[in-house]
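In case you want the letters, here they are:
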Amino acid sequence: IYRHQWLEVDLGERTKITAVATQGRYGSSDWLSSYLLMFSDTGHNWRQYRQEESIGFFPGNSNADSVVQYKLQQPAVARFLRLLPLDWNPSGRIGLRLETYGCPYTSDVASFHGGSSLVYRPSPSPRRTSKDVFTLKFKTLRNSGTVLQAEGREGLSLSLELERGKLLLLLREDGASSSEPRRLASLGSLLDDQHWHNVALERRSSHLNLTVDKHTERVQIPAEFSHWDIEQLTVGAVPRLDHQKSVISKRSFHGCIENLLFNGHNLIELAKHNNHQVAVVGNVTFSCAEPLSVAVTFTGPQSFLQLPGTTTSSSSAGVSIGFQFRTWDKAGLLLTFDLPQHGGVVWLYLSQARLRLQIHKAGKALLELSAGAALNDGQWHAVELNSKRGRLTVTVDKEEGGSAQASPAFPVAVKNHLFFGGCPAEDNHPDCRNPFSAFQGCMRLLTVDNHSMDLIKVQQKQLGNFSNLQIDMCGIIDRCSPSRCEHGGRCSQSWTVFHCNCSDSGYNGATCHSSVYEQSCEAYKHNGNTSGHFYIDVDGSGPIRPQLVYCNMTEEKTWMVIQHNNTELTKVRPSPSMPHLLLHFGYSSKEEQLQAAISQSEHCEQQLSYHCRKSRLLNTPEGSPFSWWLGGPGPGRVQTYWGGAQPGSQQCACGLQGDCVDLQHYCNCDADRAEWTEDSGLLIHKESLPVRALVLGDIKRPGSEAAYRVGPLRCHGDKNFWNAAFFDKETSYLHFPTFHGELSADISFLFKTTAPSGVFLENLGIRDFIRIELSSSTQVIFSFDVGNGPLEVRVESSVPLNDNRWHRVRAERNVKEATLRLDDLPVATQEAPADGHFHLQLNSQLFIGGTASRQKGFRGCIRSLQLNGVTLDLEERAKITPGVRPGCPGHCSSYGSLCQNQGRCTERENGFHCDCSLSAFSGVFCQSEVSASFKSGTSVRYTFKEVYEVSRNSSALPSSIYSDATLRGENVSLSFRTSQSPALLLYVSSYYREYLALLINKHDKLEVRYKLDSGREAEVLRSRARSLANGQLHTVSIRRRSDSVSVQVRRRQNAARHVHAWSLMNLARLGSLGFTGCLSVVHFNTISPLKAALLHPDSGPVSISGPLVQSSCGSAASANPYAAENTHHLSGETKQRQPVVNAIRTDSALIGGVIAVVIFVMVTGLAITARFLYRRKDTYRNQEVKGVKQDDSPDFTFNTQADSQNLPTENPKEYFI
């Protein structure tokens, strides 16, 4: 059966069609199961009706008797209707009863022919109107022209102009037609399709609304229009005044305009009745004269159009072929034909959006030409191919395009047939070969030898041949208008799909919907990051752009720092002409970013200081303040209190605390003294932050001096990140309002559970739904239905997910695809149907942790649940919901691995903390090395306490200071950097003349010397590796258990590690020697003596002589002290902004680089324990054992007896560095 059949209905006049109904043939098995609808005003140039701009087909009947009616989402106005069957009952034939529903349609129409126009002059009004409304419908075949222009006083004018098939709203000033207009809005696309398009322009007091068909754009009115009234309205050709002569614009409108209304006045009806307010200029006719232009659409790879070649029998007559095409594809065959002689073939095709011509013979290119560029822009392009008198010419768009010429040595003519767009499906067709992709797009105005080809005859099988064509319509769709790419993503398209380029946007996904950045510094911290600059996106996929902040993670609280343009203490310089000094502060973040960051944080603060000498500040609560500041949203509100005081108190911190220098005043500066004083404190009320401006008043009296400082905005805590709820029953759930994610929906949350399955989230509609569930202990499923049938996206985990650890789920659904992410597993993707529904329509409540049926509920914790960037407050809702508890403890099981270097994870109500007391490292994750540079002149003594004395001590000092003194072995580690040899790195001695020494000998080798029995000779372990005193950082680890000793050395350079072999040798007597260089992360069993000396210098076990300053010399990065701090960039963002004047300033150990202070430290320690624990075994096991004489190591001579002198009676061990 021929599938390209249709039923056409002529309604007699243009009618507003609102619904259609179909039914099968009575008493038969004949009915349609799906069909297309097309409409037309003239019986030509058909337009396919689409639902949701995507669905082209209508489901039909399932039997012969029932009636299926569809109400059109947007009524169609047309005279002719076509129904094209797509599928029917396979056991029957095409059978149809059709009914249409609608009502009469009346309109007033005018045609404009390029030099004609209507000019309307409104009646003068005593009152200025605050609202103007223009509405009209237009149709045209031209892609450019001025539709309407409204002119007002002072030469200001608004115009609606077509440009490349788009409608632009332009603003012109001073009536200058030659000046470049300001573009306010752009809407629509492909508006030159000779179909009616609805336009509405509404001017209100503060904004303009432009609507084209179903899409509206809101535009803020420029300041020039605050006192603007329309004096003249011109439709069609717009006269331009140039030296008192009327010049008709070349961009005049060609086409028809219908129902032109201005503030309720029908201008076309007024013109038809010769109203004096409307002037008709040129040839305006009050009907729509439409030129006949039959287009053809090549819908897919099987499409082709075959036409007869030249009618001239002589091959020397040449060829002349012309046509127009439009497409979104960069490549495709436009035309091919065989040459009459020599077996050659001509291909005219698109490649890289350029027009190319090739002539081949026997697989060899005889001729190649190219012309034009960017021909895949969706515009109509005219192509001419001419061969005459030995000259071949290819032209694109004539004057505006380009051409290419050649003089082939052979005639170019058509042998038999012309094939447009492709070749017939049968293999090796004798007259058509296509090595290129098929053309997908539209063609029109086909001519051969200057004769127009009648495509209606082709459709009626009276001329040529075709396959898979839509004749008498152009089915091109602009999938980028409106753009489905969000957050500034750039849309591009082919004939069938669109693509979003998300680079430089800060977002990813098929539609640039999801942010690539975390929402807070707290989130970055829990990814294992340390302090640095980060981009945060406070609302995720919402409209607020990412902002660059500094995340300070050196404290238990994670601080977000936002800079402004002056955070330094600045001296006041009064202006002679102004009574007050006004100081504005510009922040690195925009207004909406600032407010969102403040709102999301648990606490925010900002330092505010005023240093003064005879410069009063607030003038006590009884008087008018001399100075004030502005803070809060927008420009800020006037605040008359100072840092450290309460809002509205008109006090400073000293007034609140009662310790001002003059108790009669509530600010130190209000005492008006000649000595310098200050009022400083923190502003902590988020409603008043950030500080926008300072207004300083009492600064011009003789002798008055002042300085001010407004610190950066600092916030900590993320109210959203830890917002959690615990569901303890399968029947418990939380409910929220309906989730609205019609076109784009993203859902993210964290969960932990011990249950094998459960539904995390569900929202239902009449037929649509969306659901995320744990289907098994290893699988998460994201399922939904938008009207095309249920779709599922699954992610399978190789490890159980019910392990009571936090797991992160991120699901996204948009018009192109659905994705599901689970932790760091590969993303699962399900593409959406190309021609299907894409609006998600839900109407029930949103269920969290359960379902409407109260089955398959989730048992466990859900945290940080966000839908389209908005966090749901689970805790607040859980407080009033039975079976659900707010909050969820137990974070160390998931985040404990972030605590490094023997740091211990401890639970917090919202989060966790790394306890570094047993670690030689410090920092939020125990990741920062504690180091010091050594030189002679500084010493530190560290003393171990007796076991019974430790038990008596009730001090809560960390174990880096006190620890268990019972030693059954040693775990010793340290890092060093030195250029000295010989040098002593570490020395431990006891009252019993036992010792452990770690040193570099004169050969730059490392030695470890043990003496655990005073009656025996010492043993030495010596490295075979040399050059340890090379100034590079090395790490030494010593481990002794009973009679077994192991030693490792790692050189920390470019992350490489070198483990050296050791020999076991006899120990010679050692002597004391100092050390110059760097020691870092010194660890002895459970204590960290160097860390205790640096961080707790006043503690009991530590005594220090001389200066001791902490350094970063032990860091691997310290070799380059000027290395730039890592910044997480929003790649490609190059917008010029006001530079931040001062960088964030904190402790110099954090930011300032390497401290250039070199000190020498010697730490001595003495510990008492049972002597039998140190009995030397006869043999030490290691890789190699070798006896050595005492003179093998003459580098040092230790007087162990001297070490035993003047010891306390409690017999402590002394520990030396």
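Since the model is a prediction, treat every value here as computed from it, not as a measurement.

Caption draft 1: Examining the overall build of the chain more closely. The secondary structure content of the chain amounts to nine helices and 86 strands. Taking all contacts inside the chain whose residues are at least 6 apart in sequence as the whole, residues at least 24 apart take part in 70%. Only carbon and sulfur atoms are counted for the fraction: they give 48% of the accessible area of the chain, which is about 54700 Å².

Caption draft 2: Summary view of the pattern of salt bridges. Tallied over the full model, the rule gives 37 salt bridges. Residue Arg-25 pairs with Asp-30 through a salt bridge whose shortest N-O separation is 2.6 Å. Judged by its relative accessible area of 5%, Asp-30 is buried. For the salt bridge of Lys-131 with Glu-202, the shortest nitrogen-to-oxygen distance reads 3.6 Å. Residue Lys-131 is located in the loop between strand E8 (117-120) and strand E9 (132-139), and its partner Glu-202 is located in strand E14 (residues 197-203); the two are separated by 71 residues in the primary sequence.

Caption draft 3: Highlighting the nonpolar core. Counting 67 residues, the largest nonpolar core has Tyr-610, Trp-642 and Leu-694 as the members making the most contacts within it. Residue assignment places this core across two domains, with domain 4 (559-612 + 630-716) and domain 5 (723-888) each supplying three or more. Setting aside residues up to four positions removed in sequence, Leu-694 forms contacts with Leu-581, Leu-582, Leu-583, Phe-585, Leu-608, Trp-628, Trp-629, Trp-642, Tyr-708 and Val-710. One finds Val-296, Ile-321, Val-346 and Ile-471 within the second-largest nonpolar core, a separate group that totals 47 residues.

Caption draft 4: Expanded view of the UniProt feature "domain: EGF-like" (unreviewed entry) in the chain. Here the UniProt feature "domain: EGF-like" (unreviewed entry) sits at residues 476-513 and 889-927. With 10% helix and 31% strand, residues 889-927 has end C-alpha atoms that lie 25 Å from one another.

Caption draft 5: Inspection of the sheet that holds strand E60 (residues 791-796) at higher detail. Read across the sheet, six strands follow the order E55-E64-E57-E58-E59-E60 without closing on themselves; strand pairing throughout is antiparallel. This sheet does not close on itself; its edge strands, each paired only once, are strand E55 (734-736) and E60. If you compare each strand with its neighbour and ignore which way they point, the axes differ by 15 degrees on average.

Caption draft 6: Local environment of the packing of aromatic side chains. According to the stated counting rule, one finds 31 aromatic pairs in the structure shown. Seen in terms of ring centroids, Phe-325 and Phe-439 are 6.2 Å apart; in terms of plane orientation they differ by 85 degrees. Their pairing is edge-to-face. Of this pair, Phe-325 sits in strand E25 (residues 319-326) while Phe-439 is found in the loop between strand E33 (417-420) and strand E34 (441-448), placing the two residues 114 residues apart along the sequence. Geometrically, the ring pair formed by Phe-782 and Phe-784 is tilted, given 5.4 Å between the ring centres and 40 degrees between the ring planes. You'll find Phe-782 and Phe-784 in the same group, each marked buried. For the cation-ring pair, Arg-82 lies above Trp-6, with the distance from its terminal atom to the ring centre recorded as 4.1 Å.

Caption draft 7: Layout of the sheet that holds strand E27 (residues 345-351). Strand order in this open sheet of seven strands is E29-E28-E27-E26-E33-E24-E36, and the pairing throughout is antiparallel. Two strands lie at the open edges of the sheet, namely strand E29 (364-371) and strand E36 (465-467), each paired on one side alone. Strand-to-strand twist across the sheet, computed as the mean angle between neighbouring axes with direction ignored, equals 15 degrees. Note that strand E26 (residues 332-338) and E33 share two bridges and pair antiparallel. By the bridge assignment for E33, Leu-335 is matched with Phe-420.

Caption draft 8: Representation of helix H4 (residues 591-600). If you check which residues of H4 are buried, you get Gln-593, Leu-594, Ala-596, Ala-597, Ile-598 and Gln-600. The elements touched by buried residues of H4 are strand E43 (547-552), strand E44 (559-562), strand E47 (601-613), strand E51 (691-696) and strand E53 (713-718).

Caption draft 9: Structural view of the state of the cysteines. Tallied over the entire structure, the rule returns 16 disulfides. The side chain of Cys-521 participates in a disulfide bridge whose partner is Cys-551; the two sulfur atoms lie 2.0 Å from each other. Its S-S torsion of about -75 degrees marks the bond between Cys-521 and Cys-551 as left-handed, since a negative value means left-handed. Highlighted residues: Cys-521 in helix H3 (residues 521-525) and Cys-551 in strand E43, separated in sequence by 30 residues.

Caption draft 10: How the structure looks around unusual backbone geometry. The linkage connecting Ser-481 with the following residue, Pro-482, adopts the cis geometry, with an omega of -5 degrees. Within the secondary structure, Pro-482 is located in the loop between strand E37 (469-471) and strand E38 (490-493). A cis amide bond, omega 0 degrees, links Leu-689 with the succeeding residue Pro-690. Within the secondary structure, Pro-690 sits in the loop between strand E50 (677-683) and E51. Residues other than glycine seldom take positive phi values, yet Asp-213 does so here, at roughly 55 degrees. As for its placement among the helices and strands, Asp-213 is situated in the loop between strand E15 (207-212) and strand E16 (215-220).

Caption draft 11: Molecular detail of the confidence of the model for the chain. Predicted confidence across the chain gives a mean pLDDT of 82, with 84% of residues reaching 70 or more. A low-confidence stretch, residues 946-966 (pLDDT under 50), is modelled with 41 contacts involving residues beyond four sequence positions or located in other chains. Across residues 1119-1217, where pLDDT falls below 50, the model places 263 contacts with residues more than four positions away in sequence or in other chains.

Caption draft 12: Region of interest: the side chain of Thr-395. Turning to its location among the elements, Thr-395 is positioned in strand E31 (residues 391-396). Excluding residues that lie within four positions of it along the chain, Thr-395 makes contacts with Ala-382, Val-383, Glu-384, Gly-402 and Ser-403.

Caption draft 13: Quick peek at the side chain of Ser-293. Relative to the elements of secondary structure, Ser-293 occurs in the loop between strand E22 (278-281) and strand E23 (295-298). With sequence-adjacent residues up to four places away left out, Ser-293 is seen in contact with Arg-444 and Leu-445.

Caption draft 14: View of the pairing of strand E20 (residues 254-262). Extensive coverage of E20 is indicated by the burial of seven of its nine residues. Pairing analysis gives five bridges linking strand E7 (residues 109-113) to E20, with the strands arranged antiparallel. Counterpart to Ala-110 in the pairing with E20 is Ile-257. Sheet analysis places E9 next to E20, joined by five bridges and oriented antiparallel. Counted as the bridge partner of Lys-137 is Glu-258 from E20. The pairing of E20 with strand E21 (residues 265-266) spans two bridges and is classified as antiparallel. In the strand pairing of E21, Leu-261 is matched with Asn-266. Hairpin remark: E20 followed by E21, antiparallel, with two residues in the connecting loop; positive phi at Asn-263, about 50 degrees.

Caption draft 15: Just the environment of His-837, in detail. With respect to the element layout, His-837 can be found in the loop between strand E63 (828-831) and strand E64 (846-848). Separated by 52 residues in sequence, His-837 and Asp-785 have C-alpha atoms that sit 9.4 Å apart. Those residues in contact with His-837 that lie beyond four places of it in its chain are Glu-52, Ile-55, Val-786, Gly-787 and Asn-788.

Caption draft 16: Representation of the environment of Val-1049. Relative to the elements of secondary structure, Val-1049 occurs in strand E80 (residues 1044-1051). Take Val-1049: its relative accessible area is 0%, and that puts it in the buried class. For the pair formed by Val-1049 and Ser-975, sequence separation is 74 residues and the distance between their alpha carbons is 9.4 Å.

Caption draft 17: Focus on the environment of Pro-1089. Mapping Pro-1089 onto the fold places it in helix H9 (residues 1089-1095). The class for Pro-1089 is buried, based on a relative accessible area of 1%. A C-alpha to C-alpha distance of 8.2 Å links Pro-1089 and Val-1102, two positions 13 residues apart in sequence.

Conventions we followed
- Residues numbered from 1 in each chain as written.
- Predicted model: local features only at pLDDT ≥ 70, side-chain atom pairs only at ≥ 80, totals over all residues.
- Heavy atoms only, no water.
- Helix = DSSP H or I, 4+ residues; strand = E, 2+ residues; numbered from the N terminus.
- Contact = heavy atoms within 4.5 Å.
- Areas by Shrake-Rupley, 256 points an atom, 1.4 Å probe, with all protein chains shown as cover.
- Salt bridge = Lys/Arg side-chain N within 4 Å of Asp/Glu carboxyl O.
- Buried < 20%, exposed > 50% of the residue type's maximum accessible area, 1.4 Å probe, protein only.
- Core = buried A, V, L, I, M, F, W, Y, C linked by side-chain atoms within 4.5 Å.
- Domains from an automatic or database assignment.
- UniProt positions renumbered as here; feature names shortened; annotations may be inferred.
- Pairing = 2+ DSSP bridges.
- Axes fitted to C-alpha atoms, helices over the stretch in contact; angles between N-to-C directions.
- Phe/Tyr/Trp six-rings, centres within 6.5 Å; stacked < 30°, edge-to-face > 60°.
- Lys NZ or Arg CZ within 6 Å of the ring centre and 35° of its normal.
- Disulfide = S-S within 2.5 Å.
- pLDDT = per-residue confidence, 0-100.

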